[in-house]
Amino acid sequence: MAYQCKVSSWEFVEPPADPSSGSASVRVRLEDGKQSVFSVATIDAPGRWLKEGKGGYRLGKPVLFVRSLSGGSVTQALNWMAADMGGFWLRYYNSEKRPAAPAPVAQEAKKPARRKG
């Protein structure tokens, strides 16, 4: 039986200025307790990124392209994303990282005693 991934809730990290066009970050919570934060953008956003000098090709964190940044459009896209490949992209890719445990402090190595003689 394949793993079923379901979105329990989502929210904009910061609400978009214009729901009809642009991009925003979303925080997605899954029923299994995992979370993921990534970008959603309308289809015209890459053209704007080029004009703003943000590079000719967008590498890095994934972007989920949506019809609009309205709640219904984002919800529908997230539900499709959860259904695709058992929710692989929502469960693993770009999940929020837990704070790393501090690295143990290394003990200063002692020099061996010099032998006399």
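Residues numbered from 1 in each chain as written. Predicted model: local features only at pLDDT ≥ 70, side-chain atom pairs only at ≥ 80, totals over all residues. Heavy atoms only, no water.

Student: Help me understand the pairing of strand 4 (residues 63-66) in this model?
Tutor: Strand residues, when the strand is regular, have side chains that alternate between the two faces of the sheet. Alternating positions in strand 4 separate cleanly, Leu64 and Val66 being buried on one face and Val63 and Phe65 remaining unburied on the opposite face. Bridge analysis of strand 3 (residues 35-42) against strand 4 gives four bridges, and the strand direction is parallel. In the sheet register, valine 40 faces strand 4, and the bridge partner there is leucine 64. (Buried < 20%, exposed > 50% of the residue type's maximum accessible area, 1.4 Å probe, protein only. Helix = DSSP H or I, 4+ residues; strand = E, 2+ residues; numbered from the N terminus. Pairing = 2+ DSSP bridges.)

Student: For this particular structure, what's the right way to read the pairing of strand 2 (residues 23-30)?
Tutor: Side-chain alternation along strand 2 places Ala24, Val26, Val28 and Leu30 on a buried face and Ser23, Ser25, Arg27 and Arg29 on a face that remains uncovered. The pairing of strand 1 (residues 7-12) with strand 2 spans five bridges and is classified as antiparallel. Note on strand 2: the bridge partner recorded for tryptophan 10 is valine 28. The pairing of strand 2 with strand 3 spans seven bridges and is antiparallel. In the sheet register, serine 25 faces strand 3, and the bridge partner there is serine 39. Linking strand 2 back to strand 3 in an antiparallel pair, the connection comprises four residues, with glycine 33 at a positive phi of about 95°.

Student: Hey, could you run me through the sheet that holds strand 4 in this one?
Tutor: Sheet strands pair via backbone hydrogen bonds, and the direction of the pair is either parallel or antiparallel. Reading across from one edge, 1-2-3-4 is the order of the four strands in this open sheet, with mixed pairing throughout. Of all the strands in the sheet, just strand 1 and strand 4 have a single pairing partner and so form its edges. Pairs of neighbouring strands in the sheet enclose a mean axial angle of 35°, with direction left out of account. (Axes fitted to C-alpha atoms, helices over the stretch in contact; angles between N-to-C directions.)

Student: Would you explain the pattern of salt bridges in this entry?
Tutor: For side chains of opposite charge, pairing can occur when their charged atoms come near one another. Overall, the coordinates contain three salt bridges when judged by the stated rule. One salt bridge connects arginine 27 with glutamate 11, and the closest N-O pair in it is separated by 3.4 Å. On the criterion of sequence distance, the pair formed by arginine 27 in strand 2 and glutamate 11 in strand 1 is long-range, its members being 16 residues apart. Of the charged contacts in the structure, one is a salt bridge between glutamate 11 and arginine 29, with a shortest N-O distance of 3.2 Å. Linking glutamate 11 in strand 1 with arginine 29 in strand 2, this pair joins segments that are 18 residues apart in sequence. Judged by its relative accessible area of 32%, glutamate 11 is partly exposed. Residue classification places arginine 29 among the partly exposed positions, given a relative accessible area of 28%. A single network of salt bridges, built from pairs that share partners, joins Glu11, Arg27 and Arg29. (Salt bridge = Lys/Arg side-chain N within 4 Å of Asp/Glu carboxyl O.)

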